[in-house]
Structure formats: C-alpha cells, structure tokens
Amino acid sequence: MGTGDFICISMTGGAPWGFRLQGGKEQKQPLQVAKIRNQSKASGSGLCEGDEVVSINGNPCADLTYPEVIKLMESITDSLQMLIKRRPGAASLFLDPRSHPRWPHPPGYTCLPGPTPANRPPGQ
C-alpha cells in the first residue's frame, strides 16, 4: 500500500452518503474515493477525493470487486465507518484517535468523527 496516514471516518443517518468510489479487485486497482458531493455527509466527515478505502464497517476491501463493494454499501442502513489511507501530503484533519477505540488500527492512523455542530463546515 505504500506510505500514508490511516484515518477512520464515521457517518450516520443512512444513504445517500455523498461520495462515489472507483477501483476494485477486478480492475486491479485499490478502492478509492472518486468524487465527493458538496454539502453531503461525506464532505462534512473529512473524507477526501483520492482516499483509499481500506475497510467499510470492518470489512476489508482489498479483495472485493466493485460490485461486491456496492452490495456492501447498499446493506448499510444507518452508520458507516470507513478506514481509509490518505496519500502523503493530502489535506487532513487530525483529531482524537481514541474516538473509535474498538477498531484495530494500524500505526499512524487518525480518527475523524462524523459531522457534529462543532466540526461541520460553515453553512451546513
């Protein structure tokens, strides 16, 4: 996977989450965030375009095809937690890594809570 920061992202409230993915095992590409919709749950969560998705709700994504990822995403009804890998030099929020203590995190990770009135971008 190379170097980068591991970050966990949380969103609640159910779909639509406000982001699009690309890649997958059948394409021999890592699963990545391709697009984030403005003023969406994803944009308020700290998720960034280009982030590599390592796991979704604890399910590792490295061996999933794109259709399998879509099926997994469609099964999520309320709470989405993603472990992502952010490339070096990408913009990032660094918040308290203890906000998801039950997750097994690799060294160098950072956790980002879902949007709250305190961390929501202006106008949301």
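Reading the values: rules and limits
Residues numbered from 1 in each chain as written. Predicted model: local features only at pLDDT ≥ 70, side-chain atom pairs only at ≥ 80, totals over all residues. Heavy atoms only, no water. pLDDT = per-residue confidence, 0-100. Helix = DSSP H or I, 4+ residues; strand = E, 2+ residues; numbered from the N terminus. Contact = heavy atoms within 4.5 Å. Buried < 20%, exposed > 50% of the residue type's maximum accessible area, 1.4 Å probe, protein only. Pairing = 2+ DSSP bridges. Salt bridge = Lys/Arg side-chain N within 4 Å of Asp/Glu carboxyl O. Core = buried A, V, L, I, M, F, W, Y, C linked by side-chain atoms within 4.5 Å. Phe/Tyr/Trp six-rings, centres within 6.5 Å; stacked < 30°, edge-to-face > 60°. Lys NZ or Arg CZ within 6 Å of the ring centre and 35° of its normal.

Visitor: Mind showing me how you'd approach the confidence of the model for the chain here?
Guide: Interpreting fine coordinate detail is not advised for predicted regions of low pLDDT. With 69% of its residues at a pLDDT of at least 70, the chain reaches an overall mean of 80. Strand β7 (residues 109–112) is the least confidently modelled element of the chain, averaging 46 in pLDDT, while strand β4 (residues 52–56) averages 98, the highest of any element. Low pLDDT, under 50, characterises residues 92–122; the stretch is placed with 60 contacts to residues that sit more than four places away or in other chains.

Visitor: I keep staring at the pairing of β4 and nothing clicks. Help me out?
Guide: Side-chain direction in a regular strand flips from residue to residue, so the side chains alternate between the two faces of the sheet. The buried fraction of β4 amounts to 5 of the 5 residues, a majority that puts the element mostly inside the structure. Two strands pair when backbone bridges link them, and β4 and strand β6 (residues 79–86) are joined in this way by 4 bridges, in the antiparallel orientation. Across the sheet, residue Val-53 finds its bridge partner in β6, namely Ile-84. Connecting β4 to the next strand, strand β5 (residues 59–60), in antiparallel fashion are 2 residues, including Asn-57 with a positive phi near 50°.

Visitor: Which parts of the structure should I look at to understand the environment of Glu-74?
Guide: When you line up the elements, Glu-74 lands in helix α2 (residues 66–74). In this structure, the C-alpha to C-alpha distance between Glu-74 and Ala-15, residues 59 residues apart in sequence, is 8.3 Å.

Visitor: What should I look at first to understand the pattern of salt bridges in this one?
Guide: Tallied over the entire structure, the rule returns 1 salt bridge. Notably, a salt bridge pairs Asp-51 with Arg-86, separated by 2.7 Å at the nearest N-O pair. Of this pair, Asp-51 sits in the loop between α1 (41–45) and β4 while Arg-86 sits in strand β6, and the two are 35 residues apart along the sequence.

Visitor: I'm lost on the nonpolar core in this one. Help?
Guide: Considering soluble globular proteins, one finds that nonpolar side chains tend to be buried as a cluster. Grouped together as the largest cluster of nonpolar side chains are 22 residues, with contacts concentrated most on Phe-19, Leu-47, Val-53, Ile-56 and Leu-80. Secondary-structure elements contributing two or more residues to this core are β1 (5–12), β2 (19–24), β3 (29–36), β4, α2 and β6. Setting aside its immediate chain neighbours within four residues, Leu-80 contacts Ile-9, Ser-10, Met-11, Trp-17, Phe-19, Ile-56, Asn-57 and Met-73.

Visitor: Would you mind showing me how to read the pairing of β6 here?
Guide: Within β6, 7 of the 8 residues are buried, which leaves it mostly tucked inside the rest of the structure. Two elements, β1 and β6, share 8 bridges in a ladder whose sense is antiparallel. Bridging from a neighbouring strand, Met-11 pairs with Leu-80 of β6.

Visitor: Would you mind showing me how to read the packing of aromatic side chains here?
Guide: In this description, a pair of aromatic rings is defined by centroid distance and the angle of the planes. What the rule picks out here adds up to 0 aromatic pairs. The ring of Trp-17 carries Lys-41 above its face, with NZ or CZ at 5.3 Å from the centroid.

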